[in-house]
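Fold and contact review
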Amino acid sequence: MQDIETRTTTKVIRRFLPILVVSFILCFLDRVNVGFATLTMSKDLGFSNTVFGLGAGIFFVAYFLFEVPSNIILEKVGARIWIARIMITWGILSAATAFVWDEWSFYTIRFLLGAAEAGFFPGIAFYFTLWLPSRHRGKVNSIFLASMPVASVVGSPISGWLLSLDGMWGLHGWQLLFIIEGLPSVFVAFVVLYLLRDTPEKAEWLDADEKAWLADELRRERESVTALVPHGVLNVMKSPIILLLCVVYFGVTAFNYGISFFLPQIVRDFGLSFVQTGFVAAIPPMCGAIGMVLWGRHSDKHNERRLHVLLPLSLAAIGLGSATLVSVPVLKLAFLSLAAVGVFSTVPVFWVLMPSLLSAGAVAVAFAVVNSVGNLSGFVAPYVVGALKDATGSVNPGLQAISLFGFVAVALLAGIIRYQQSVARADDRPVTAKPAVS
C-alpha cells in the first residue's frame, strides 16, 4: 500500500496537472503565435518591424496593469471560476486578431488580449502552493511550464502549415492561424471549470486522512520559512526584495520572448519555406522542454534551488550571446537551443524558490507583482529587437542586449540568496531548512 504522501500527491497531480498543461499550451500559443503570423501579416497590412514589435509587446503593458488586480480577485472568488473566465476571454480575443486591419486595431486587440490573460500564470503558480508541499513543486512546475516550449514545438509546424493555406475560405493564412489556434481555449475552459477545486477541503476525491495530512504538511511548511517579505499588499508592493525579484524575472522573461517572437524570422532567413521554418523553429523549444523537465526533477531530487536557478540562467545568457556571433545556420541554431535549455530550465525552479522568501500571506500578491513587472520584458524586448532590426538590418544587437541583462539578473539573484542566508543565520535558523533555499 502506498504511503499517505505518495497517495495524496499522486491524486492531486493526476487530477489537475494534465488539464492545466493543456490550458497553458493554448495560453502560450495564443500569446506568441503572432511571431509566425507576422511572416505574411506584416506584408499584407504594411507593418514595419517596429510596428510588429510594439504590437507584440503592448500585450504585456495590459498584462502588467491588470495582473495584480486579477490575482487578488482570484484569491477571493477562487481559482476554478476565475481561471475559466480568463481562458474564455483570451480565446475569443485571440481569434478576433484575425480581423485587425491596421496598426491601431492591432495594438488595441493585443492590449485587450493582455488584459484578458492577466492573472493566469501567477494564479496557477499560487494554486500549486495550496495543493502541494514545496518538495513536490519543482517537478510539477517544470512539467507545467514545459507547456511554453511545447506550445512552440507543437505550434510552430501547425502555424507554418496554416500560413501555407492562404486563400482558404477567402481568408489569409495568418487569419486562419489566429482563428484555429484561438477558439480551442474557450472549449477547454469548461473542462477546467468541471475539474478544478479551490482548496483541498473541497476535494471530494481526497480521503479524510489525505486532507488532514495535506493541511498539516502545508501548515508546517509555512511556519518553517525564513520570510524576507511580510504579508500585506502594501508590504509586498514596497519591498526592495520584491523589486529586485521583478528585475531578475524581467531578465528571465526577456530571453523567452526575445527568442519566441523573433525565432521564426531568424529561421526564415536561413532560406527555408514556411513549412520548413515551422519544423526547424521547433528545435530550440523542444530542447528547452526536455531540459526543463529533467532539471526540475533534478532540483527536487536534491532539494536544491539556488544553483538550479543561477546555473541555467547563466547558460541562457552565454548561449544567446554566442548565437549573435556566428552566421552558420547550424551553429546559430545550436546556440539558440542552448539558450532555450537555459531559460526554460530556470523558470520552474525560480517559482519554487520564490515562496521560500515570503510569508504565507504575501505569496499570491507577490507572485502577481513579480510576474507582471517581469513580463514587461515582453513589451520591451520585442520592441527593442524590432526597432534595432529596422535600424541595423539585424536582430543581433537586440539579442545581445537581452544576453547582457541576463548576466545582471544572475548577479542580483545571487545577492538576494546570500542576503536570505545571512538573515537565517541571524535568526538562528538552519540555512538549508526546508522549504527555504538550500
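The structure contained in this document is the topic of the report that follows. (Residues numbered from 1 in each chain as written. Predicted model: local features only at pLDDT ≥ 70, side-chain atom pairs only at ≥ 80, totals over all residues. Heavy atoms only, no water.)

Our next topic: the overall build of the protein. Along the protein, the regular secondary structure elements total 20 helices and zero strands. Split into buried and exposed, the 438 residues of the protein put 59% on the buried side. Within the protein, contacts between residues separated by at least 24 positions form 83% of all contacts whose residues are at least 6 apart in sequence. (Helix = DSSP H or I, 4+ residues; strand = E, 2+ residues; numbered from the N terminus. Buried < 20%, exposed > 50% of the residue type's maximum accessible area, 1.4 Å probe, protein only. Contact = heavy atoms within 4.5 Å.)

What follows is about the packing of aromatic side chains. In the structure shown here, the tally under the stated rule is 18 aromatic pairs. With centroids separated by 5.6 Å and ring planes inclined at 80°, the aromatic side chains of Phe-16 and Trp-205 adopt a geometry described as edge-to-face. Note that Phe-16 is positioned in helix 1 (residues 4–32) and Trp-205 in the loop between helix 10 (184–195) and helix 11 (208–223), a separation of 189 residues in sequence. Assigned by exposure class, Phe-16 and Trp-205 land together as buried. Here Phe-106 and Tyr-107 contribute two aromatic rings whose centre-to-centre distance is 6.4 Å and whose plane-to-plane angle is 35°, an arrangement assigned as tilted. For the pair formed by Phe-106 and Tyr-107, the shared burial category is buried. (Phe/Tyr/Trp six-rings, centres within 6.5 Å; stacked < 30°, edge-to-face > 60°.)

This paragraph deals with helix 3 (residues 49–77). The first and last C-alpha atoms of helix 3 sit 41 Å apart over 29 residues, in line with the 42 Å expected at 1.5 Å per residue. The opening residue of helix 3, the one whose side-chain oxygen lies 3.2 Å from the backbone nitrogen of Val-51, is Ser-48. A positive backbone phi angle near 100° is found at Gly-78, which sits one or two residues after helix 3. (Expected span 1.5 Å × (residues − 1). Polar contact = N/O pair within 3.5 Å; in protein donor to acceptor, adjacent residues only side chain to side chain.)

Contact pair helix 4 (residues 79–96) / helix 5 (residues 103–117): the axes reach a minimum separation of 8 Å and the direction vectors enclose 165°. In terms of their interaxial angle, helix 4 and helix 5 are classed as roughly antiparallel. Judged by the sense of rotation from one axis to the other, the crossing of helix 4 with helix 5 is left-handed. Mapping the contact onto sequence places Arg-85, Ile-86, Thr-89, Trp-90, Leu-93, Ser-94 and Ala-96 in helix 4 and Ile-109, Leu-112, Leu-113, Ala-116 and Glu-117 in helix 5. Split by residue class, the contact of helix 4 with helix 5 holds eight nonpolar, two polar and two charged. (Axes fitted to C-alpha atoms, helices over the stretch in contact; angles between N-to-C directions. Parallel < 35°, antiparallel > 145°, perpendicular 65-115°, else oblique. Left-handed = near helix turned anticlockwise from the far one by under 90°. Nonpolar A, V, L, I, M, F, W, Y, C, P; charged D, E, K, R; others polar.)

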